[in-house]
There are 2 protein chains.
Amino acid sequence: MSKATFYHAGCSVCVSAESDVINLIGEENLNIVDIAQDRSRIPEAETAGVQSVPALVTSNGNVLHINFGASMADVIG
Amino acid sequence: MSKATFYHAGCSVCVSAESDVINLIGEENLNIVDIAQDRSRIPEAETAGVQSVPALVTSNGNVLHINFGASMADVIG
């Protein structure tokens, strides 16, 4: 099974959610992308359907938006 | 480890998220509660901090609100 990808932006909600997702799914099953640190990954996240972070994109391409930390517009702007 | 609890209300977003969460975490690690079918569980969900469904309450009590399906007010009202 390919990994799920957790997109975040270093916000406090993101860090808390990241910890929870790692506990639930296991770090070995996750790609973790900080789009605030690595802005070149933002188009990839948007293409995947990420509308806000933190978000988890499953291996089959579904996007689970978790909580509401920062809108993509906040991260990009 | 105690199980995480997935609260939902039978909405289409909920059903999709339920499928994703089961795939990610495994059904054996989840309690699944449909608060639309079992309204007596609504106070429990609210006490746990669930503000909208679908939501996943981790075994350590953190609430991950997933997407935005229906507000608790919509389900209760």
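For clarity, every value in this text was computed on a predicted model and none was experimentally measured.

Definitions and cut-offs
Numbering of residues begins from 1 in every chain and follows the order in which that chain's sequence is written. Ligands are numbered from 1 and chains lettered from A, in the order in which they are written. In view of the model being predicted, local features appear only for residues whose pLDDT reaches at least 70, and side-chain atom pairs are presented and counted only at 80 or more, with totals across whole chains, interfaces and linings using the full set of residues. Remark: hydrogens and water are excluded; side-chain values derive from all non-hydrogen atoms of the structure. Put simply, DSSP H or I for four residues or longer makes a helix, DSSP E for two residues or longer makes a strand, and each gets a number counted from the N terminus. Working rule for helices: expected span equals 1.5 Å times residues minus one. Three exposure classes are used, based on accessible area relative to the maximum for each residue type with a 1.4 Å probe and protein chains only: buried under 20%, partly exposed in between, and exposed over 50%. Definition of a polar contact: a pair of N or O atoms within 3.5 Å, with one able to donate and the other able to accept a hydrogen when the atoms are protein atoms, and with sequence-neighbouring residues admitted only if both atoms are side-chain atoms. Two residues qualify as a contact provided that any one of their heavy atoms is within 4.5 Å of a heavy atom in the partner residue. Here, any two strands with at least 2 DSSP bridges between them count as paired. Viewed with both strands pointing away, a crossover whose connecting path from the first strand over the helix to the second turns clockwise is right-handed.

## Structural notes on helix H1 (residues 12-25) of chain B
- The terminal C-alpha atoms of H1 of chain B, which comprises 14 residues, lie 20 Å apart, in line with the 20 Å expected from a rise of 1.5 Å per residue.
- Three or more residues of H1 of chain B are buried, namely Cys14, Ala17, Glu18, Asp20, Val21, Ile22, Leu24 and Ile25 of chain B.

## Focus on the side chain of Thr58 of chain B
- If you trace the backbone, Thr58 of chain B turns up in the loop between strand E3 (52-57) and strand E4 (63-71).
- By relative accessible area, Thr58 of chain B is classed as buried at 6%.
- A polar side-chain atom of Thr58 of chain B sits 2.4 Å from a polar atom in the side chain of Asn60 of chain B.
- Each residue touching Thr58 of chain B, except ones within four places of it in the same chain, is listed here: Asp20 and Leu24 of chain A together with Ala4 and Leu64 of chain B.

## A word on the pairing of strand E2 (residues 30-34) of chain A
All names here are of chain A.
- Taken together, the five bridges between strand E1 (residues 4-8) and E2 define a ladder with parallel strand orientation. Along E2, the bridge assignment pairs Thr5 with Asn31.
- Viewed along the sheet, the connection from E1 through helix H1 (residues 12-25) into E2 turns out right-handed.

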